[in-house]
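Descriptive analysis of the structure
So you can see what is in the structure, the chains are spelled out below.
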Amino acid sequence: MPRVGSAGYLVVGALTLRGSGAWRGFVPPDAPFAIVDLPRAARDRAVPVLKEGFVGIYRWHAKRKLFESETVRAATKSGELLGFSILERLLPEVGYVYYIAVGAQSRRRGLGGRLLDDALGRFRADGVDVVYAAAEEENHPSIALFRSRGFRTVDRHETGWREGGLGATGLRTRMMVVSGEVLMGLRFPRQPDAPTPGSSPSASAGS
Ligand SMILES: CC(C)(COP(=O)(O)OP(=O)(O)OC[C@H]1O[C@@H](n2cnc3c(N)ncnc32)[C@H](O)[C@@H]1OP(=O)(O)O)[C@@H](O)C(=O)NCCC(=O)NCCS
């Protein structure tokens with residue numbers, strides 16, 4: 001039965017067990033999993049998954065962000081932490097998926113996608129317009145994950161996000177995008193009742 005996470009967010013778990021009895025050493029994929037906030041005091045629980053997901057400087061940096069960032073979401077099943085996302089708001093309108101990782105034995109079962117859906121749902125509910133993520137050029141699983149949710153590669157010279165493009169000039173440094181990485185972005189479709197930027201009633205009055 002679906003459960004609700006501590007922040008009231010959707011809890012998912014509709015994976016299908018293929019075959020029978022062959023699953024060893026990890027939580028069965030047919031059990032429901034929850035996506036919940038991971039408070040700072042509990043973030044060391046994510047370190048084993050982090051170590052499976054990242055090496056070298058990325059491991060060091062992901063660990064730092066794990067404990068530093070405002071929001072960490074964890075996918076758990078039967079009390080076991082199977083994956084996590086580290087999320088930041090660069091500006092009120094701009095969200096950033098800093099890191100997302102799933103334990104090696106739990107990959108390719110939809111968990112990374114669910115974590116990303118959860119992140120996008122939160123950003124959207126919080127009024128974010130544009131979400132970015134970065135990945136190493138050769139990290140095909142990561143690029144495939146973001147593409148599967150509508151992200152596209154951001155051209156370095158394209159129109160800025162405020163003007164309707166996905167250009168991220170001025171934000172790349174804060175995102176720590178380095179050579180050899182691709183920046184990906186997603187713009188949420190405009191809500192029908194959302195005001196057009198710069199067209200507040202006071203701005204249009206008397207014009
Ligand atoms: C990237 C990562 C989080 C994906 O997690 P996952 O649970 O395996 O992903 P999912 O099973 O939910 O797949 C999500 C989508 O990505 C695609 N995808 C995931 N891994 C893939 C792979 N190895 N090859 C091709 N496509 C892949 C899936 O096809 C799926 O698309 P669909 O929904 O259209 O079918 C996981 O591989 C991981 O933890 N990697 C190490 C850490 C990392 O590099 N993180 C990303 C950079 S921050």
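Note: the structure precedes this text.
Okay, so let's go over this structure. Keep in mind the model is a prediction, meaning the values are calculated, not measured.

**Considerations on the pairing of strand β7 (residues 181–187)**
- Taken together, the 7 bridges between strand β5 (residues 130–136) and β7 define a ladder with antiparallel strand orientation. Paired with A133 across the bridge in β7 is M184.
- Relative to β7, strand β6 (residues 152–153) runs antiparallel, the two sharing 2 bridges. Each bridged residue has a counterpart across the sheet, and for R152 the counterpart in β7 is G185.

**Some words on the site of the ligand**
- Close contacts around the ligand come from 20 residues, with G53, R107, G112, G113 and A144 the closest.
- Within the residue set of the shell around the ligand, elements represented by two or more residues are β4 (94–102), α3 (111–125) and α4 (140–148).
- If one sorts the elements of the shell around the ligand by residue count, α4 sits on top with 6 residues.
- Along the lines of polarity and charge, the residues of the shell around the ligand split into 9 nonpolar, 8 polar and 3 charged.

**Notes on the nonpolar core**
- Core analysis: the largest hydrophobic core is formed by 48 residues, its most contacted members being A46, A75, F84, V97, V131, Y132 and A133.
- A total of 8 residues in this core trace back to one element, the largest contributor, which is β4.

**Thoughts on the environment of G164**
- Note that G164 resides in the loop between β6 and α5 (172–175).
- Assessed through the 12 C-beta atoms surrounding it within 10 Å, G164 is described here as exposed.
- Expressed as a C-alpha distance, the spacing of G164 and D129, which sit 35 residues apart in the sequence, is 9.9 Å.

**Here we look at the environment of R114**
- Relative to the elements of secondary structure, R114 occurs in helix α3.
- Assessed through the 22 C-beta atoms surrounding it within 10 Å, R114 is described here as buried.
- Separated by 79 residues in the primary sequence, R114 and I35 have C-alpha atoms spaced 8.4 Å apart.

**A few points about the sheet that holds strand β3 (residues 80–91)**
- In space, the 7 strands of this open sheet follow the order β1-β2-β3-β4-β5-β7-β6, with mixed pairing throughout. The sheet is open, and its two edges are formed by β1 (34–37) and β6, each paired on a single side.
- Where helix α2 (residues 56–68) meets the sheet, its contacts fall on β2 (71–77), β3 and β4, and the angle it forms with β4 comes to roughly 115 degrees.

**Describing α4**
- Within the sequence span of α4, burial applies to S142, L145 and F146. Down the axis, α4 shows its buried residues gathered within 90 degrees of arc, on one side only. Looking at α4, the residues exposed on the side facing more than 90 degrees away from the buried face are H140, P141, A144 and S148.
- Tucked into the core, α4 has its buried residues touching α3, β5 and β7.
- G150 sits one or two residues past α4 and shows a positive phi near 95 degrees.

**Brief notes about unusual backbone geometry**
- Despite not being glycine, S78 shows a phi value in the positive range, around 50 degrees.
- Considering the arrangement of structural elements, one finds S78 in the loop between β2 and β3.
- For M176, which is not glycine, the phi torsion reads 60 degrees and is therefore positive.
- One can find M176 in the loop between α5 and β7.

Reading guide: rules and limits
- Residues numbered from 1 in each chain as written.
- Predicted model: local features only at pLDDT ≥ 70, side-chain atom pairs only at ≥ 80, totals over all residues.
- Pairing = 2+ DSSP bridges.
- Helix = DSSP H or I, 4+ residues; strand = E, 2+ residues; numbered from the N terminus.
- Near = placed C-beta within 6 Å.
- Nonpolar A, V, L, I, M, F, W, Y, C, P; charged D, E, K, R; others polar.
- Core = buried A, V, L, I, M, F, W, Y, C linked by C-beta atoms within 7 Å.
- Buried ≥ 20, exposed ≤ 12 C-beta atoms within 10 Å, placed from the backbone.
- Contact = placed C-beta atoms within 7 Å.
- Axes fitted to C-alpha atoms, helices over the stretch in contact; angles between N-to-C directions.
- Arc of directions from axis to C-beta.

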